[in-house]
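# A structural walkthrough
Listed below are the residues making up each chain.
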Amino acid sequence: MSSILIKGGRILDPSTGRDETGDLWIVGGKIAKSGRKAARTIDAKGMWVVPGLIDIHVHFREPGGEAKETIADGCAAAVAGGFTSVATMANTGHPVETAMAVRYVRDRAAEAGLARVFPFGAVTKGLRGEELAEIGLMAKAGAAGFSDDGHPVMNSEVMRRALEYAAMFGKPVVSHCEDAHLTKGAAMNEGPVATELGLRGWPAVAESAMAARDAMLSRWTGGHVHIAHVSAKETVEVIRAAKAAGARVTAEASPHHLTLDDQKLRGYDPRFKMNPPLRSAEDVQAVVAALADGTLDCIASDHAPHGTEEKEQEFAACPNGVVGLETTLGVILTDLVAEGKLTANRAIEAMTVGPARVLGLPHGTLAAGSAADVTIIDPGRKWKVDPAKFRSRGRCTPWEGRTLKGAAAVTIVDGRIVFES
Ligand SMILES: [Zn+2]
Ligand SMILES: [Zn+2]
């Protein structure tokens, strides 16, 4: 394996607190303190050299939903967006609910040879929320954790057993917090905008009440619950209290919940329809503050590709979800870091060592000796979001046409350059 010298960049590694201009060596696929002969020298002047970015919430639709996203295309989108590791949700065309399915996802990802892929297995059979899936067998096959994401686990007894069982293997249960009785037929956030638009609302309490249940179950069982895509102020309060009480609760926020509010729904534009829905400006502010102060552990895109036709249906009928892997970095740098709402260090932390810790991954660091997953970011590059250019098969993004500042210039996984713009 040939050596790479990344020269003169701003080396920014929140895992070690390092933030200085210097050179980074990659030797034999590992981060090295020094090197001798580089097969490749990359001039990183003016660039940020950070640990490979990690996104622990993406939906690749394979197996079974390849028309929407294959594992290979999802991985291509990941590395183009600067992500070297992703964790894939289990609600694929055929749900990932067996050890064989977990191995399938890992094998397809290895074949693609781009990003590292850590598959979640389903919590329950068929994602139906009734009977536990093969949690132990999936854990042994390499599942990163367990989630019925896309669906809540409504039955508290099932959630309790899932937390206990997953804890035996040191794995988290990722909770899509939604009390489905409160959200039936909902198309957007419940509030004045929904009333005005005549759309049925998804009240924030449907999320915060479930998060409170899961936090209490986590305390009760000692199991690790990770709250997905936090959207509401009250959910932030629940997580803050749970952490203060010593519960094993971690949580994430998506770029859209960190930057967009429900005023965007006024045009009935499906590009702003996701689950949980965009909330009020006050909620957005609370989620940003919670990410800044560490109440929320990481940023995760909830990259959710859908077919264009499907997504272009009438607003109330069109599916939830937008793609995110190729826009997350630009959106976070433009709308949070450049706006002074988040420091560069905290933003990178929330996309590297933060998510690595949630899943117990040995990545998200530039410490000498660790596997060389590195992202070189050009913080000054301005680019326009053009979905036609996405590697992802999904084209629906709320940022279509936006000019963003900051992009991945080079993405390196395990010492190999897998993307270069
Ligand atoms: Zn979800
Ligand atoms: Zn999701």
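What comes next concerns the included structure. Everything quoted here is computed from the prediction, not taken from an experiment.

## Points about the overall build of the protein
Looking only at helices and strands, the protein features 13 helices and 18 strands. What you see for the protein is a C-alpha radius of gyration of 20 Å, in line with the 22 Å of a compact globule of 421 residues. Seen along its three principal axes, the alpha-carbon backbone of the protein occupies a region of about 65 × 45 × 45 Å. Here the protein holds 421 residues, and the buried ones make up 61% of them. Summed over its atoms, the accessible surface of the protein is roughly 15,800 Å², and 49% of this surface lies on carbon and sulfur atoms. Of the charged side chains in the protein, 48 are positive and 51 negative; the average position of the first set lies 6 Å away from that of the second.

## Structural notes on the sheet that holds strand S8 (residues 116-121)
With parallel pairing, eight strands are arranged side by side in an open sheet as S6-S7-S8-S9-S10-S13-S14-S15. Looking at the sheet topology across the chains shown, the edges are occupied by strand S6 (53-58) and strand S15 (298-299). Across the sheet, helix H6 (residues 205-221) touches strand S10 (173-175), strand S13 (225-227) and strand S14 (249-253), and the angle it forms with S13 is around 160 degrees.

## Let's talk about the environment of Leu114
Examined against the element boundaries, Leu114 turns out to sit in the loop between helix H2 (99-112) and S8. With 128 residues separating them in the primary sequence, Leu114 and Ala242 have C-alpha atoms 37 Å apart.

## Quick look at the coordination of the zinc ion (ligand 1)
Only Asp149 (OD), His176 (ND1) and His229 (NE2) from the protein coordinate the zinc ion (ligand 1), and they sit 2.0 to 2.1 Å from it. In terms of primary sequence, the donors binding the zinc ion (ligand 1) are separated according to D-x26-H-x52-H. Separating the zinc ion (ligand 1) from the zinc ion (ligand 2) is a distance of 3.5 Å, and Asp149 supplies a donor atom to each of them. Pair noted here: Asp149 is in the loop between strand S9 (145-147) and helix H4 (156-168) and His176 is in the loop between S10 and strand S11 (188-189), with a separation of 27 residues, a long-range link. Here the two residues Asp149 and His176 agree in accessibility, since each one is buried.

## With respect to the coordination of the zinc ion (ligand 2)
Looking at the zinc ion (ligand 2), one finds its protein donor set to be His57 (NE2), His59 (NE2), Asp149 (OD) and Asp302 (OD), positioned 2.1 to 2.2 Å from the metal centre. Taken together, the four donor atoms coordinating the zinc ion (ligand 2) and their angles of 84 to 172 degrees define a geometry best described as irregular. Counting the intervening residues between successive donors of the zinc ion (ligand 2) yields the motif H-x1-H-x89-D-x152-D.

## As for the packing of aromatic side chains
For the coordinates displayed, the defined rule picks out two aromatic pairs. Relative to Phe315, the ring of Tyr268 has its centre 6.4 Å away and its plane inclined at 80 degrees; by these criteria the two rings are edge-to-face. With Tyr268 in the loop between helix H8 (255-259) and helix H9 (281-293) and Phe315 in the loop between helix H10 (308-311) and helix H11 (328-337), this pair connects stretches of sequence that are 47 residues apart. In this structure Tyr268 comes out as partly exposed when scored by relative accessible area, which is 38%. Relative accessible area serves as the criterion here: at 5%, Phe315 is assigned to the buried category. Over the face of the ring belonging to Tyr104 we find Arg108, whose NZ or CZ atom lies 4.6 Å from the ring centre. When the ring centre of Phe315 is taken as origin, the NZ or CZ atom of Lys273, which lies over that ring, is 5.4 Å away.

The rules behind each value
- Residues numbered from 1 in each chain as written.
- Chains lettered and ligands numbered in written order.
- Predicted model: local features only at pLDDT ≥ 70, side-chain atom pairs only at ≥ 80, totals over all residues.
- Heavy atoms only, no water.
- Helix = DSSP H or I, 4+ residues; strand = E, 2+ residues; numbered from the N terminus.
- Rg over C-alpha atoms; globule rule 2.2 N^0.38 Å.
- Buried < 20%, exposed > 50% of the residue type's maximum accessible area, 1.4 Å probe, protein only.
- Areas by Shrake-Rupley, 256 points an atom, 1.4 Å probe, with all protein chains shown as cover.
- Lys, Arg positive; Asp, Glu negative; His and termini not counted.
- Charge placed at Lys NZ, Arg CZ, Asp CG, Glu CD.
- Pairing = 2+ DSSP bridges.
- Contact = heavy atoms within 4.5 Å.
- Axes fitted to C-alpha atoms, helices over the stretch in contact; angles between N-to-C directions.
- Donors = N, O, S within 2.8 Å, 3.2 Å for Na, K, Ca; no water.
- Tetrahedral: all angles 85-135°; square planar, octahedral: opposite > 155°, others 65-115°.
- Phe/Tyr/Trp six-rings, centres within 6.5 Å; stacked < 30°, edge-to-face > 60°.
- Lys NZ or Arg CZ within 6 Å of the ring centre and 35° of its normal.

The values reported here are purely geometric and, on their own, carry no functional implication.
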